[in-house]
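These are the residues of each chain, in order.
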Amino acid sequence: MQSTNEPVVSIKDLRMNYGDKEVLKGIDLDIYKGQIIGYIGPNGAGKSTTVKIMLGIVEGYYGSVRVFGEDIKNGNIEYKKRIGYVPETAEVYDSLTAQEYLSFIGGLYGLKPDSIDSKAKKLMKLFDIEEVYQSRISSYSKGMKQKLLIIASLLHNPDILFFDEPLSGLDANSVMVFKEVMTMLASEGKTIFYSSHIMDVVEKISSRIILINGGQIVADGTFAELKEKSREGSLEEIFNQMTGFDRHGAIAQEFIATVKEG
Amino acid sequence: MKEFTILKLLDRIRFLFDRSGVDYPIMRKILQIKLIMDQRRVPTIMAAGKTEGKNTYRTSLFMYAFMGLFVALIMLFGFPLYYKMNIVFGMLIFLLMTTMISDFSSVLLDIKDKNILLPRPVNTQTVNAAKLIHILIYLSGITLAIAGPPLIAGAFIYGAAYVVIYIVELALVCGFVIFVTSILYSAILSFFDGEKLKDIINYFQIVLSVFMVIAYQLIGRIFEIVDLKITYAVKWWNYLLPSAWFAAPFELFVGQGRLSDFAGLSIIAVVIPVAAFFIYIKAVLPRFERNLQKLNNYGERAGKSAARREKRQVFISRLLCRDKTERSFYRFTSNVLANERKLKLRVMPSLAMAVVLPLVFLINFYRRGTTLAEFHSSILQSKAYLYIYFAVALLSTSLQYINNSEQYRGAWIYKVLPLTSPAPLLKGAMKAYFMKYILPFFVFASLIFLAIFGIRILPDILLMFFNLLVLLLVIFAVSNKELPFYKDFQYTQDKNSIAAWFISFAICGVLVAAHLIAGGLAYGITINLAISVLLTVVIWKAVFRITWNNIKTGAL
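Not measured: the values here are computed from a predicted model.

**Student:** Lay out the overall build of chain B in plain terms, naming residues and giving numbers.
**Tutor:** Across its full length, chain B holds 21 helices and two strands. Here chain B holds 556 residues, and 52% of them are scored as buried.

**Student:** Kindly report on the overall build of chain A, identifying the contributing residues and their values.
**Tutor:** A tally of regular secondary structure across chain A gives nine helices and 10 strands. Taken along its principal axes, the extent of the C-alpha atoms in chain A is 55 × 55 × 40 Å. In chain A, which comprises 262 residues, the proportion classed as buried is 49%. Of the contacts made within chain A by residues no fewer than 6 positions apart, 65% connect residues no fewer than 24 positions apart. Of the roughly 12400 Å² that chain A leaves accessible, carbon and sulfur atoms contribute 50%. Averaging the positions of the 30 positive and the 36 negative side-chain charges in chain A gives two centres separated by 3 Å.

**Student:** With reference to specific residues and values, describe the side chain of A:S153.
**Tutor:** Along the chain, A:S153 turns up in helix α4 (residues 142-154). Engagement of the side chain of A:S153 in a polar contact is seen with the backbone oxygen of A:I150, the distance being 2.7 Å. Discounting residues that sit within four places of it in the chain, A:S153 has contacts with A:G84, A:Y85, A:V86, A:P158, A:L161, A:F163 and B:R120.

**Student:** If you had to explain the interface of chain A and chain B to someone new, which residues and values would you point to?
**Tutor:** With 32 residues of chain A at the contact, the number on the chain B side is 31 residues. Where chain A abuts chain B, roughly 3000 Å² becomes buried across the two surfaces, and 60% of that area is made up of carbon and sulfur atoms. When the buried area of chain A at its contact with chain B is split by residue, A:Y93, A:L108 and A:R136 rank highest and sum to 24% of it. At the junction of chain A with chain B, the criterion picks out zero salt bridges. For the interface between chain A and chain B, the tally reads three residue pairs in polar contact (both at pLDDT 80 or more). Broken down by secondary-structure element, the contributors of at least two residues to the side of chain A that touches chain B are β1 (9-18), α1 (47-55), α2 (98-108) and α4 of chain A. The dominant element in the side of chain A that touches chain B, judged by the number of residues it contributes, is α2(A), at seven residues. Among the residues making up the side of chain A that touches chain B, the classes are represented as 16 nonpolar, eight polar and eight charged.

**Student:** Could you give an account of the sheet that holds strand β4 (residues 62-67) of chain A, naming the residues involved and the relevant values?
**Tutor:** All names here are of chain A. Taken together, four strands build an open sheet; the order of strands is β2-β1-β4-β5 and the sheet is antiparallel. Each end of this open sheet is capped by a strand with a single partner; those strands are β2 (21-31) and β5 (70-71). In the sheet, β1 pairs with β2 via eight bridges, with the strands oriented antiparallel. Bridge pairing in β2 links S10 to D30. Contacts from α1 reach β1, β2 and β4 within the one sheet, and its direction differs from that of β1 by about 115°.

**Student:** Pulling in residues and values, what's your account of a nonpolar patch on the surface?
**Tutor:** All names here are of chain B. On the surface, F66, L69, F70, L73, L76, F77, I152, F156 and I157 cluster together into a nonpolar patch covering about 1000 Å² of accessible area. Mapped onto the nonpolar patch, the elements with two or more residues apiece are α4 (54-76) and α7 (124-158). Among the elements that make up the nonpolar patch, the one with the highest residue count is α4 (five residues).

**Student:** With reference to specific residues and values, describe the packing of helix α13 (residues 324-339) of chain B against helix α18 (residues 423-453) of chain B.
**Tutor:** Residues and elements named next belong to chain B. Where α13 contacts α18, the axes come no closer than 7 Å and their chain directions differ by 45°. Between α13 and α18, the crossing angle belongs to the class labelled oblique. As α13 packs across α18, the resulting crossing turns out to be right-handed. Here T325, E326, F329, Y330, T333, S334, L337 and A338 of α13 lie close against α18, whose contacting residues are P424, L425, K427, G428, A429, K431, A432, Y433, M435, K436 and Y437. Class assignment of the residues belonging to the contact of α13 with α18 gives a composition of 11 nonpolar, four polar and four charged.

**Student:** Report on the environment of B:L7, specifying residues and quantitative values.
**Tutor:** Here B:L7 shows up in helix α1 (residues 5-12). Sequence spacing of B:L7 and B:R28 is 21 residues, and the spatial spacing of their C-alpha atoms is 7.2 Å.

**Student:** I'd like a rundown of unusual backbone geometry, residues and numbers included.
**Tutor:** Most peptide bonds take the trans configuration, and most residues that are not glycine carry a negative phi. All names here are of chain A. The residue F68 is not glycine, and still its phi comes out positive at about 50°. By secondary structure assignment, the location of F68 is in the loop between β4 and β5. For F68, a relative accessible area of 13% puts it in the buried group. In this structure, N157 is a non-glycine residue whose phi angle is positive, near 50°. Judged by relative accessible area, which is 48%, N157 ranks as partly exposed.

Here is what the cut-offs are and how they apply
Residues numbered from 1 in each chain as written. Chains lettered and ligands numbered in written order. Predicted model: local features only at pLDDT ≥ 70, side-chain atom pairs only at ≥ 80, totals over all residues. Heavy atoms only, no water. Helix = DSSP H or I, 4+ residues; strand = E, 2+ residues; numbered from the N terminus. Buried < 20%, exposed > 50% of the residue type's maximum accessible area, 1.4 Å probe, protein only. Contact = heavy atoms within 4.5 Å. Areas by Shrake-Rupley, 256 points an atom, 1.4 Å probe, with all protein chains shown as cover. Lys, Arg positive; Asp, Glu negative; His and termini not counted. Charge placed at Lys NZ, Arg CZ, Asp CG, Glu CD. Polar contact = N/O pair within 3.5 Å; in protein donor to acceptor, adjacent residues only side chain to side chain. Buried area = accessible area lost by both parts, 1.4 Å probe. Salt bridge = Lys/Arg side-chain N within 4 Å of Asp/Glu carboxyl O. Nonpolar A, V, L, I, M, F, W, Y, C, P; charged D, E, K, R; others polar. Pairing = 2+ DSSP bridges. Axes fitted to C-alpha atoms, helices over the stretch in contact; angles between N-to-C directions. Patch = residues over 30% accessible without salt bridge, like charges linked within 9 Å, V, L, I, M, F, W, Y side chains within 5 Å. Parallel < 35°, antiparallel > 145°, perpendicular 65-115°, else oblique. Left-handed = near helix turned anticlockwise from the far one by under 90°.

Structure representation (structure tokens):
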């Protein structure tokens, strides 16, 4: 166990190129135990890439990434046993049933079949989707799929959670449950790193907000700190200001005009 | 979860995996779900909860076994063993290589897995091993189906030594096919990037499949058959034929081949697969996964030629389609056909075959000792141009590919559109497919034959063109009415496509017979032509009298 002031994730000067395009231009970031970090930024800012690098999905980056004090480049995959991940695009083997998928995923973490099954069933029930436990995932709605992904990421009781757009497709009630779950997980000492485009949720539950734009961190702090710095009222406005966007009114007008064209 | 016998067999050789750093229990789990998913490949969108597809692989195994039986017949003839084994292994390598390229490249080049498996504690060796074994399970099934009958036949004739060599070589052949393909892919992956990479891979696959088709046709020509007495000498170019490598040990150890002739080839049969294995382990595996990631990168695509293509399409669609809806489906289909790589990969080899096959038959006329001029004048007197009908049959059956797409999930669009009848949709799609794939290949094949036979066969070619239309429409009429691009690709051909093949060749036979008879009568070709044109028009009118109820869409 590391002491409370040692970061669980430590990123130093992280750079990444896709071909000629520079996606990340030097990210420095330390994440500590028990934090809920809202990772926000416009589309294409490099949010998902950062997460995928930390998970070892994307390779070929420059800089150093340490998780639980160990450099992930050294090829040791042990750290992944303590990580949970909900991907942005709902990639699942959707010709499997939830039962099969979850027992497969649980098996990869070395969990016992019986305990996976009972745990999965209970979690499905709590999310109110227990009746589709034995149906194919391809028949699920977007929200049901999202719930399944969340369950799959938590089966092995991980210490760090990476949620990439975890709320997409969830109904209002489930969002409330999930927000509560995140807060409680954090209070138990788990670290949550999540990205979202829903600003008022980020505003309410994050203990720390990181705003990334054009491959760089442009703001980092609690909501109160960001508010003070930018002198704007809501996170949405802060977001607009920091990413230098103020044309929404003009664009909307043009949009409507185009739609009306004969 | 479902247990598989094949996995239980795999458990027996578990030590091999444990020794090479593969996490066996995890690999087994990955394979298990892969096999479950393969059984459930559902062709239609939202077709939840249905079990099907299980027997398509089995059906195709029966087809392969059937071919194997024919190959086994060769064992019964009095040809030299070297010749027989060249055919057996040539056929095997051909079929394995083509299925490898067209069906299992997707497994090899899969990047979807990464997002699911890599965030979990699974190492890359294990993922790679699972991929390899997954492919191997299917390939060995196909191998056994094709190679089984000749093995049994040969066992009776040649005894134990034959069986031993045969079994060892089957393993070598499977390895050869998988490793060589992987090495080639790996080389391409390390040179190119992004969208261009995908295009290059696609061209490479198409070229390789076409090459395999041609090479396969040439294997039979290793030997000169003079008065049914086969003579052979191992010429230098035998060393370039993989089937010759694998055939040599049989002649050496079981037949009466001389050491000096067959030792070199036999050594190659062992050395190359083993070398490929080591190159794969040492050079390919460490880099393959990382390079695969490049497939996810987006590069720029040429915009200028696309704009020109668009303009040309608008023009042609106006010429061909009177109906506005039909016109837009024509353009839609042409665009998808131009862009969808997986579809091209499936279609192109059979289209290329359509051009190559008539020529191969033509070359079969050639007799040793005749000059090229004599050869030419001998075929001029024949009706060998009727071989173009092979192209006609192959081209018209290729229409069924149009129902498949990688992006089959996009098919919801048909239901959302305010279309009262599916007819304009199907007409537009069929015309686009015809213009894009069938016509160019037919014209190409015809031009070759026109060059050989001269302008006098032009009326015949015109007749063949209309017979092509008749055949196309008849096949369309008797097969399931399906929407374009609405279902996912299957690993193997389904029953319908096999049925379409039989029907196509049967009707084609009738058309050829009519053509032949008409050729002997005064004005025969003209009359036949008139009948075919009339048939085309009548069937065209009749065939598109369909409603949405006639369309087979599964749960769409």
